[in-house]
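# Geometric and topological summary
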Amino acid sequence: MASALADQAEGLRRLFGADTRRMVAIVSAGEGAAYETASNLAYTLSHLGKKILLLDELWAAGDAHAVFGLTPRHDLNTVMLNQSEVETALVKTADGIDLLAGGAVSTMPRPRMEARIGLVNAFYRLAGKYDVVLVHACVDGATTRPGFAWACQDVIVQSDGKPDAATEVYARIKLLHQAEKRRFHLMFRGVDHTRASALHRSIAAVSRRHLQVMPEYLGVLPQPDLPQAGFFEQLAGAIQSWPIPEHKAGHFPDLMRRLLRGADPHVLQTLLK
């Protein structure tokens with residue numbers, strides 16, 4: 001196994017000399033997923049001329065997508081199981097967006113470490129072909145493959161504004177927090193602007209005090225029966241203005257460190273130096 005990991009390390013060192021990827025995770029805090037937010041954002045960025053990859057970690061092979069309605073034959077779990085190319089799992093939409101199912105819920109056995117490293121390697125290479133990579137992230141529970149929210153420099157947390165909203169949003173921030181590295185942005189739905197602003201102030205105060213993080217306020221999603229194009233155009237513009245990591249590898253080394261916890265420390269040092 002050490003030999004296989006060392007081979008992967010050499011491949012990753014070569015790959016991590018490429019251009020930085022702009023990667024943004026969309027995470028739900030509260031009831032319901034953020035399918036529509038991630039999909040509308042991908043659609044808006046695509047229509048602004050950007051090449052977009054949307055990785056939906058809550059979507060699995062054989063299931064119709066909640067927004068696009070397309071059904072993939074493969075997801076990232078089956079890619080690892082079959083040791084096939086990640087490109088075989090891509091699903092292309094009529095709007096020019098490339099979709100990728102993460103297959104978060106799976107009964108397959110946990111793949112070997114080299115298979116998981118290989119997936120990160122392959123996804124890094126794939127991500128470099130796009131202007132923006134969006135990750136509709138699954139951060140709850142154990143999965144059979146790496147969670148790519150850890151490779152994102154920015155995380156949008158969508159909250160439903162329920163009574164325990166502040167607690168749930170803070171829990172997401174605390175889980176994904178990395179000092180002075182990852183930025184957080186808060187978005188609310190189903191509440192008015194007064195309630196959303198109050199929640200943001202409360203979450204920001206706790207995050208600043210305990211994590212030294214100041215999450216940005218992105219506003220309130222328009223109600224489903226109201227026009228939403230303007231909101232997502234503004235959000236798409238904001239995303240393109242967010243700084244990208246100075247390190248060319250972005251946050252992929254952070255993902256690898258998390259993935260390789262418990263691995264041979266000498267192999268880990270070789271991989272990440």
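Please read these numbers as outputs of a predicted model, since none were measured by experiment. Position numbers for residues count from 1 along each chain, tracking the sequence in the order it is written. Side-chain atom pairs in this predicted model are given and counted only at pLDDT of 80 or more, local residue features only at pLDDT of at least 70, and totals for whole chains, interfaces and linings cover all residues. Values shown for side chains rest on all heavy atoms present in the structure; no hydrogens or waters enter the calculation.

## Overview of the packing of helix α4 (residues 113-127) against helix α8 (residues 252-259)
At a minimum axis distance of 11 Å, the contact between α4 and α8 shows a crossing angle of 170 degrees. Between α4 and α8, the crossing angle belongs to the class labelled roughly antiparallel. Each of Met113, Arg116, Ile117, Val120, Phe123 and Tyr124 in α4 lies in contact with α8, whose residues at this interface are Phe252, Leu255, Met256 and Leu259. Class assignment for the residues of the contact of α4 with α8 results in nine nonpolar, no polar and one charged. To obtain each axis, a line is fitted to C-alpha atoms, and for helices this fit is confined to the stretch in contact; angles are then taken between N-to-C directions over 0 to 180 degrees. A run of H or I in DSSP counts as a helix once it spans at least four residues, and a run of E counts as a strand once it spans at least two, with each numbered from the N terminus. Any angle that is under 35 degrees is reported as roughly parallel, and any over 145 degrees as roughly antiparallel; angles of 65 to 115 degrees are reported as roughly perpendicular and all others as oblique. The contact definition used throughout considers only heavy atoms, calling two residues in contact when any of these lie within 4.5 Å. Classification convention: Asp, Glu, Lys, Arg as charged; Ala, Val, Leu, Ile, Met, Phe, Trp, Tyr, Cys, Pro as nonpolar; all other residues, Gly among them, as polar.

## Regarding the nonpolar core
Side-chain atoms within 4.5 Å are what join buried Ala, Val, Leu, Ile, Met, Phe, Trp, Tyr and Cys residues into a set we call a nonpolar core. Exposure categories follow from relative accessible area, calculated using a 1.4 Å probe and restricted to protein chains: below 20% of the type maximum is buried, above 50% is exposed, and the middle band is partly exposed. Leu100, Phe123, Val135, Phe148 and Phe252 are the most contacted members of the largest nonpolar core, which totals 54 residues. If you tally residues by element for this core, the top one is α4, at nine residues. The next biggest cluster of nonpolar side chains, apart from the first, holds 26 residues, and it includes Ala34, Leu54, Ala101 and Leu218.

## As for the packing of helix α2 (residues 35-47) against helix α7 (residues 229-241)
It is the contact of α2 with α7, at a shortest axis distance of 9 Å, that shows an interaxial angle of 75 degrees. Judged by the inter-axis angle, α2 sits roughly perpendicular to α7. Across from Thr37, Asn40, Leu41, Thr44 and Leu45 in α2, the residues of α7 making contact are Phe232, Glu233, Leu235, Ala236, Ile239 and Gln240. For the contact of α2 with α7, the per-class residue count stands at six nonpolar, four polar and one charged.

## A short note on the confidence of the model for the chain
On average, the chain scores 83 in pLDDT, and the residues at 70 or more come to 82%. Segment residues 13-18: pLDDT under 50, and 14 contacts once partners within four positions in sequence are set aside and those in other chains are kept. Across the chain, each position has a pLDDT score giving the predictor's confidence in that residue, from 0 to 100.

## Quick notes on the sheet that holds strand β8 (residues 216-220)
We treat two strands as partners when DSSP finds at least two bridges between them. The strand order across the open sheet built from eight strands is β3-β4-β2-β5-β1-β6-β7-β8, with neighbouring strands paired in mixed fashion. At either margin of the open sheet sits one strand with a lone partner, and together these are β3 (91-92) and β8. Sheet analysis places strand β2 (residues 52-56) next to strand β4 (residues 98-101), joined by four bridges and oriented parallel. Pairing of Leu53 across the sheet is with Asp98, part of β4. In the packing of helix α6 (residues 193-211) onto the sheet, the strands contacted are β7 (183-188) and β8, and the crossing angle to β8 comes to about 160 degrees.

## Describing the pattern of salt bridges
Criterion for a salt bridge: a side-chain nitrogen of Lys or Arg within 4 Å of a carboxyl oxygen of Asp or Glu. Counted under the stated rule, the structure contains four salt bridges. A salt bridge links Asp154 to Arg183, with the nearest nitrogen and oxygen atoms 2.8 Å apart. With Asp154 in strand β6 (residues 154-159) and Arg183 in strand β7, the pair connects residues that are 29 residues apart, well separated along the chain. The exposure class assigned to Arg183 is partly exposed, which follows from its relative accessible area of 29%.

## Notes on the packing of aromatic side chains
The description of an aromatic ring pair rests on the distance of the ring centres and on the angle between the ring planes. Stacked, tilted and edge-to-face are the three classes assigned to paired rings of Phe, Tyr and Trp, where Trp is represented by its six-membered ring and a pair needs centres within 6.5 Å; plane angles under 30 degrees give stacked, over 60 edge-to-face, the rest tilted. In this structure the tally under the stated criterion is three aromatic pairs. For the pair Phe123 and Phe148, a centre-to-centre distance of 4.3 Å together with 35 degrees between the ring planes defines the contact as tilted. Within this pair, whereas Phe123 is found in helix α4, its partner Phe148 is found in the loop between β5 (132-136) and β6, the two being separated by 25 residues in sequence. Across this residue pair, the class does not change: Phe123 and Phe148 are buried. Geometrically, the ring pair formed by Phe188 and Tyr217 is tilted, given 6.2 Å between the ring centres and 45 degrees between the ring planes. Within this pair, whereas Phe188 is found in strand β7, its partner Tyr217 is found in strand β8, the two being separated by 29 residues in sequence. Judged by its relative accessible area of 1%, Phe188 is buried. Judged by its relative accessible area of 28%, Tyr217 is partly exposed. In our convention, an over-ring charge means Lys NZ or Arg CZ found within 6 Å of a ring centre and within 35 degrees of that ring's normal. The ring centre of Tyr130 lies 5.3 Å from the NZ or CZ of Lys51, which sits over that ring.

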